[in-house]
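Coordinates in review
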Amino acid sequence: MGLYPEIEPYDHGMLDVGDDNRVYWETCGNPQGKPALVLHGGPGSRASPGLRRYFDPAAYRIVLLDQRGAGRSRPRAGAHDTDMSVNTTAHLMADLERLRTHLGIGRWLVWGVSWGSVLGLRYAQTHPGVVTELVLTGVATGSNAEVALLTRGLGHIFPEAHERFLAELPADQRDGNLAAAYNRLLESADPAVRERAARAWTDWETATIPAPPGSVARFRDPEFRLGFARTVTHYWGNDHFLGDGNDEGVVLRDAHRLKGVPGTLVQGSLDFGNLLGIVWRLHHAWPDSELVVVDEAGHDAGTAGDEALIAATDKYARGDTGG
């Protein structure tokens, strides 16, 4: 079982979500099919065409969007005058609701990757009755402990790359939340400072999170690199705007709110996020979930992960919500 064939949208648009923001959206597949929402990672990435291929186009009405500031949405986070104060998790969830209403959808399956899994989980927790199922991969929960692991803890595994990562920061800002320190550089009035910080941030990410070549190649685009780094550090440096402020994290704490929502978690066994046991703890706190661990795979669960994700969407298309 491979990915479904490439398809093109049958409709798309720019949705005015307020705050001078317009969000790009598209719909693919069967207009009468089961609605499914796709949430990309980052935060600050974009909905790539490949994400359409995890769904049977005859069975699903597939909805993709570029989140605020990302991809084809406007204004871009890479523009220094873009107001990031109106780019928070609460704003993104409100955008999802506005899009759902705009498209006349009552309930939908939510599919998320990496940051998209954080957003999807919190959306399901705070909007009961709207999410029919969750399909998540590269699972994260947005806790401070995860940010500390990815920005500081992995320095013990990648010491040379981490030394370069720290070197870009002023000496008095190399303690505490490194994402917040980088975000201060990325908000600098000096474009040269912003560019150096964006390159250093994405160099660290590519050193620690093995990814498909296309994912790494996107960081060669200066505009994408700057918008991505600015958005990630904006979220990571501010507790993902989840309002919890502790290492445990509100998403894991509120896992009980997912009761009655079937879900599938697809996780590479070598994903560094597993060092904190997050996905296992989430699975055990959420009885309606199933966990598929892909051996010898990282944050990108590879071909075997793709097969597990497609098996999940096929299953939910049939109405089978059993474990």
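Everything below is about the structure shown above.
Values in this document were obtained by computation on a predicted structure and should not be read as measured data.

**Here we look at the overall build of the chain**
- The number of helices and strands found in the chain is 11 helices and 8 strands.
- In terms of overall size, the chain behaves like a compact globule, its C-alpha atoms giving a radius of gyration of 19 Å where 323 residues would be expected to give roughly 20 Å.
- When its C-alpha atoms are laid out on the principal axes, the chain stretches across 55 × 40 × 35 Å.
- A sequence separation of at least 24 residues applies to 73% of the contacts in the chain between residues at least 6 apart.
- Per element, the accessible surface of the chain, about 13,300 Å² overall, is 51% carbon and sulfur.

**Brief notes about empty space enclosed by the protein**
- As enumerated under the stated definition, the model contains 3 cavities of 30 Å³ or more in all.
- The space that makes up the largest cavity amounts to roughly 60 Å³.
- Lining the largest cavity are Leu-150, Trp-201, Trp-204, Glu-205, Thr-208, Ile-209 and Trp-236.
- Of the residues forming the lining of the largest cavity, the biggest block, 4 residues, is contributed by helix H6 (residues 191-208).
- In terms of residue class, the lining of the largest cavity is made up of 5 nonpolar, 1 polar and 1 charged.

**Let's talk about unusual backbone geometry**
- Of the consecutive residues Gly-42 and Pro-43, the connecting peptide bond is found in the cis state with omega at -5 degrees.
- Mapping Pro-43 onto the fold places it in the loop between strand E3 (34-39) and strand E4 (60-65).
- For the peptide bond that leads from Arg-74 to Pro-75, omega is 0 degrees, which places it in the cis range.
- The residue Pro-75 is located in the loop between E4 and helix H1 (89-102) in this model.
- A positive phi angle, close to 55 degrees, is found at Phe-241, a residue other than glycine.
- For Phe-241, the location among the structural elements is in the loop between helix H8 (222-236) and helix H9 (250-253).
- We classify Phe-241 as partly exposed; its relative accessible area is 26%.

**Re the pattern of salt bridges**
- Tallied over the full model, the rule gives 18 salt bridges.
- When the shortest N-O distance is used, the salt bridge between Asp-254 and Arg-257 registers 3.7 Å.
- When its relative accessible area of 42% is taken as the criterion, Arg-257 is described as partly exposed.
- Close ionic contact of Lys-315 with Glu-290 constitutes a salt bridge, the shortest N to O distance being 2.6 Å.

**Comments concerning helix H10 (residues 278-285)**
- By the burial criterion, the buried members of H10 are Ile-278, Val-279 and Leu-282. End-on, the buried residues of H10 take up no more than an arc of 95 degrees, which puts them together on one face.
- The inward-facing, buried residues of H10 contact helix H2 (115-126), helix H3 (144-151), H9, strand E7 (263-268) and strand E8 (289-294).

**Some points on the packing of aromatic side chains**
- One pass over the structure, following the stated rule, counts 14 aromatic pairs.
- Each ring, one from Tyr-235 and one from Phe-241, has its centre 5.2 Å from the other, and the planes form 85 degrees; the classification is edge-to-face.
- One aromatic cluster is present, formed by Phe-165, Tyr-182, Trp-201, Trp-204 and Trp-236 through successive ring pairs.

**Things to note about the environment of Val-118**
- Inspection of the secondary structure puts Val-118 in helix H2.
- C-alpha separation for the pair Val-118 and Leu-136, spaced 18 residues apart in sequence, amounts to 9.1 Å.

**So, the sheet that holds strand E1 (residues 11-18)**
- Pairing within the open sheet is mixed, and its 8 strands lie in the order E1-E2-E4-E3-E5-E6-E7-E8. The open sheet has two edge strands, E1 and E8, and neither has a second partner. Direction aside, the axes of adjacent strands within the sheet are offset by 20 degrees on average.
- Of the strand pairs in this sheet, E3 and E4 are connected by 5 bridges, and their pairing is parallel. Directly across from Val-38, in E4, lies its bridge partner Leu-64.
- Running at roughly 155 degrees to E8, H10 makes contact with E7 and E8 of the sheet.

**Section: the pairing of strand E5 (residues 108-113)**
- Of all 6 residues making up E5, 5 are buried, and the element is well covered by its neighbours.
- Inspection of the sheet shows E3 paired to E5 by 4 bridges, in the parallel sense. Bridge pairing links Ala-36 to Leu-109 in E5.
- Regarding topology, H2 serves as the crossover connection from E5 to the parallel strand E6 (residues 131-137), and that connection is right-handed.

**Things to note about the layout of surface pockets**
- As a volume, the second largest pocket reaches approximately 250 Å³.
- Lining the second largest pocket we find 18 residues, and of these Ala-70, Gly-71, Arg-76, Glu-223 and Phe-224 sit closest to its centre.

Definitions and limits used
- Along each chain, residues carry numbers from 1 onward, in the same order as the chain's sequence is written.
- It should be noted that, the model being predicted, local features are given only for residues of pLDDT at least 70 and side-chain atom pairs only at 80 or more, the latter also being counted only at that level, while totals for whole chains, interfaces and linings use all residues.
- The side-chain values count all of the structure's non-hydrogen atoms but skip hydrogen atoms and water molecules.
- Here a helix means four or more residues in a row that DSSP labels H or I, a strand means two or more in a row labelled E, and each is numbered from the N terminus.
- The reference for a compact globule is 2.2 Å times residues^0.38; the radius of gyration itself is calculated from the C-alpha atoms.
- Working rule for contacts: check all heavy atoms of both residues, and any pair within 4.5 Å makes them a contact.
- Each accessible area is a Shrake-Rupley result for a 1.4 Å probe, and residues are judged covered by the shown protein chains and nothing else.
- Within this scheme a cavity is a closed region of a 1 Å grid, computed over the protein atoms alone, that accommodates a 1.4 Å probe without allowing it to escape, whereas a pocket is open but has protein on both sides within 12 Å along at least five of seven lines; lining residues each have an atom within 4 Å of a point.
- Grid points are joined across faces, edges and corners, and a volume is the space filled by probe spheres set on the points.
- When residues are grouped by polarity, Ala, Val, Leu, Ile, Met, Phe, Trp, Tyr, Cys and Pro land in nonpolar, Asp, Glu, Lys and Arg in charged, and all others, Gly among them, in polar.
- A 1.4 Å probe rolled over the protein chains alone gives each residue an accessible area, and that area as a share of the maximum for its type sets the label: buried under 20%, exposed over 50%, partly exposed in between.
- By definition here, a salt bridge exists when the distance from a side-chain nitrogen of Lys or Arg to a carboxyl oxygen of Asp or Glu is within 4 Å.
- This arc corresponds to the set of directions leading from the helix axis out to the C-beta atoms.
- The aromatic pairing rule takes the rings of Phe, Tyr and Trp, using the six-membered ring of Trp, and pairs them if the centres are within 6.5 Å, calling planes under 30 degrees apart stacked, those over 60 edge-to-face and the rest tilted.
- DSSP calls a pair of strands paired once it identifies at least 2 bridges connecting them.
- All axes here are fitted lines through C-alpha atoms, helices being fitted over the stretch that makes contact, and every angle between N-to-C directions spans 0 to 180 degrees.
- The path from the first strand over the helix to the second decides the hand: if it runs clockwise while the strands point away from the viewer, the crossover is right-handed.

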